[in-house]
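This is what each chain is made of:
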Amino acid sequence: MNAGAPWPSVLEAEARVLRIQTKLHRWATDDPNRRFDDLFNLVYDPAFLLLAWRRVRGNKGARTAGVDGKTARYVEVERGLDAFLAELRADLKARTFRPLPVRERHIPKRSGKLRRLGVPTVRDRVVQAALKLVLEPIFEADFKPCSYGFRPRRRAHDAIAEIHHFCSRSYEWVLEGDIEACFDSIDHRALMDRVRRRVGDRRVLALVKAFLKAGILTEDGAEQDTITGTPQGGILSPLLSNIALSVLDEHFVGAWGAMGRGSSARQERRRKGLATYRLVRYADDFVVLVAGTRAHAEALKDETAKVLRPMGLALSPEKTTVSHIDEGFDFLGFRIKRHEKRGTGRRYVYTYPSKAALAAVKAKVRAATRGASDQPLHILLHRLNPVLRGWTAYFRHGVSKATFNYLRAFVWRRVICWLRHKHRTVSWRQLRRRYLPEWWPQENGVVLFNPGAVAVTRYRYRAARIPSAWAVNA
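The structure contained in this document is the topic of the report that follows. (Residues numbered from 1 in each chain as written. Predicted model: local features only at pLDDT ≥ 70, side-chain atom pairs only at ≥ 80, totals over all residues. Heavy atoms only, no water.)

Relative to the helices and strands, Leu 92 is located in helix 5 (residues 81-94). A residue is classified by how much of its surface remains accessible, and Leu 92, at 1% relative accessible area, is buried. As a C-alpha pair, Leu 92 and Tyr 44 span 48 residues in sequence and 6.2 Å in three-dimensional space. (Helix = DSSP H or I, 4+ residues; strand = E, 2+ residues; numbered from the N terminus. Buried < 20%, exposed > 50% of the residue type's maximum accessible area, 1.4 Å probe, protein only.)

Right, here's the structure in full:
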């Protein structure tokens, strides 16, 4: 494209990027051994850069600055978007672009430990987003159906539905895998070897490696080299982690392909009294479902650890456990357990919101309703409603009605206590008349979201029928 040509409109950019991504995905699907040698020109293509910017700007992290102290809003207001993208494109085209170290930030985890994030600069984020737009359709052609995390048109509910499906069909033992510091431990050489299987363009490989080796500016102000890992927080990191962890998918899926047709191989093993197993993975969280005995599930620990070792990854001995479906286990916020249906003698597998997930949303409600009584009620409701709406939307695909009703009562009680604390001299009758006309908190047309009114429904198991994000005939 002519460097002096005007930048495309958003619609033109989306159409061009989708058209090129569809071709890349089709070529990668048709030839599993193809290596792509001319991709770098797409990274600095105006359409890819413009769409990459829109994805960076639309992300909540756009308000966070990197080591240069500049946010996405600064780029728009102070620099000007056209000048910013034109300069970035010129640096990429001249191959003078160099990523800056990521800014280290720690956020608390549910376990009480800290999760380390690496915040790239806005400039680096745009290049990473453009790089992802180019690479993702190529590697998606190789990813297996058992992987669901950070992939287009796939979600956590697909993983939960697959677990529910197979645990209801003789897969009774579960190996819960926990990888120690997955994003921080991936071996760069092993990862780049896997990237080279599909990418032959040395300029793209050098750019990926530059992001891996960019370094970290710690919270203490010291610079650290990144010898291993791909820092969480970067736009490209989820794709790179999926490329690394696909060794696990290929091993468990390929085990049945080596024996012949997958379903017939499993049937033959069952006739011989041997175990069969299936992997379900969401990013670095995974479970192996086993139709066999506890000993079979325990034996898979060493097998899994051996597969991950070449990538520099290791299982946590304390957190990698084997459990029976009747005992239940937690995965992606759900509690999955088999027990007898009330009033019958039949046993079914149920998926509930886990205790940890319920405790997390209750903690958010407590934090919002603790103090801050100088603000009006409708401001508090504006803060609570997105939290409740998002949490119930995620867990509505499960046996969640009782939990939703409990959450409804909990939220109502917290808001009422907040009101009583705010208006200490006002009688209950006056508060009810002013804020609870129908026994439910509301003010200025803003009504507290009611978790108990959310309908629950079973998520449809889509198996391997999840369509590609890039239609082959497009």
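Back to the text.
Moving on: the sheet that holds strand 9 (residues 329-331). The three strands are arranged 9-10-11 in an open sheet whose pairing can be described as antiparallel. Looking at the sheet topology across the chains shown, the edges are occupied by strand 9 and strand 11 (347-353). Here the average twist between neighbouring strands, direction ignored, is 30 degrees. Bridge count between strand 10 (residues 334-340) and strand 11: seven bridges; the pairing is antiparallel. Pairing of Arg 335 across the sheet is with Tyr 352, part of strand 11. (Pairing = 2+ DSSP bridges. Axes fitted to C-alpha atoms, helices over the stretch in contact; angles between N-to-C directions.)

Moving on to the sheet that holds strand 2 (residues 114-119). Ordered in space as 2-1-4-5, the four strands form an open sheet in which the pairing is mixed. Strands with a single pairing partner mark the edges of an open sheet, and in this sheet they are strand 2 and strand 5 (223-224). As defined by bridge partners, strand 1 (residues 102-108) adjoins strand 4 (residues 216-217) across two bridges and the pair is classed as parallel. Across the sheet, residue Val 102 finds its bridge partner in strand 4, namely Ile 216.

A few words on the side chain of Thr 320. Considering the arrangement of structural elements, one finds Thr 320 in the loop between helix 13 (294-308) and strand 8 (321-324). Given the relative accessible area of 4%, Thr 320 is considered buried. Those residues in contact with Thr 320, other than ones at most four positions away along the chain, are Leu 175, Glu 176, Gly 177, Asp 178, Lys 301 and Leu 315. (Contact = heavy atoms within 4.5 Å.)

Turning next to the environment of Glu 438. In this structure, Glu 438 sits in the loop between helix 17 (428-435) and strand 12 (442-443). Considered as a pair, Glu 438 and Asp 124 are 314 residues apart in the sequence and their alpha carbons are 52 Å apart.

With that settled, consider the pairing of strand 1. Pairing between strand 1 and strand 2: six bridges, direction antiparallel. Bridge assignment links His 106 to a residue of strand 2, and that residue is Arg 116.

Following the criterion strictly, the structure yields 14 aromatic pairs and no others. Ring geometry for Phe 252 and Tyr 277: centres 5.7 Å apart, planes at 90 degrees, overall edge-to-face. Note that Phe 252 is positioned in helix 11 (residues 237-257) and Tyr 277 in strand 6 (residues 276-282), a separation of 25 residues in sequence. Of the two residues, Phe 252 and Tyr 277, neither departs from the other in class, the shared state being buried. (Phe/Tyr/Trp six-rings, centres within 6.5 Å; stacked < 30°, edge-to-face > 60°.)

Another aspect to go through is a positive patch on the surface. The grouping of Lys 109, Lys 113, Arg 115 and Lys 319 at the surface amounts to a positive patch. Tracing the backbone through its elements, the reader meets Lys 109 in the loop between strand 1 and strand 2. Residue Lys 109 is classed as partly exposed on the basis of its relative accessible area of 31%. (Patch = residues over 30% accessible without salt bridge, like charges linked within 9 Å, V, L, I, M, F, W, Y side chains within 5 Å. Areas by Shrake-Rupley, 256 points an atom, 1.4 Å probe, with all protein chains shown as cover. Salt bridge = Lys/Arg side-chain N within 4 Å of Asp/Glu carboxyl O. Lys, Arg positive; Asp, Glu negative; His and termini not counted. Charge placed at Lys NZ, Arg CZ, Asp CG, Glu CD.)

Inspection of every chain in the model, using the stated rule, returns 19 salt bridges. The partner of Glu 87 in a salt bridge is Arg 79, and the shortest N-O contact between them spans 2.7 Å. For Glu 87, a relative accessible area of 39% translates into the label partly exposed. With a closest N to O distance of 2.8 Å, Arg 281 and Asp 249 form a salt bridge. You can see Arg 281 sitting in strand 6 and its partner Asp 249 sitting in helix 11, a full 32 residues away along the chain. Judged by relative accessible area, Arg 281 falls into the buried class, the value being 1%. Judged by its relative accessible area of 1%, Asp 249 is buried.

Following both chains from N to C, one finds helix 1 (residues 10-30) and helix 3 (residues 46-58) inclined at 110 degrees, their axes separated by 9 Å at the closest point. As summarised for this structure, helix 1 and helix 3 are arranged roughly perpendicular, according to the angle between their axes. Along its contact with helix 1, which presents Val 10, Ala 13, Glu 14, Arg 16, Val 17 and Ile 20, the element helix 3 presents Ala 47, Phe 48, Leu 50, Leu 51 and Arg 54. Taken together, the residues of the contact of helix 1 with helix 3 break down into eight nonpolar, no polar and three charged. (Parallel < 35°, antiparallel > 145°, perpendicular 65-115°, else oblique. Nonpolar A, V, L, I, M, F, W, Y, C, P; charged D, E, K, R; others polar.)

Right, let's get into the nonpolar core. Formed by 83 residues in total, the largest nonpolar core has its most connected members in Leu 39, Val 126, Leu 131, Leu 135, Leu 191 and Val 288. Looking at this core, the element that brings in the most residues is helix 6 (residues 122-140), giving eleven residues. If we skip the residues at most four places from it in the chain, Val 126 touches Leu 49, Ala 52, Trp 53, Val 56, Phe 84, Leu 85 and Leu 88. Of all hydrophobic cores here, the second largest spans 49 residues; its members include Tyr 171, Phe 329, Val 365 and Trp 418. (Core = buried A, V, L, I, M, F, W, Y, C linked by side-chain atoms within 4.5 Å.)

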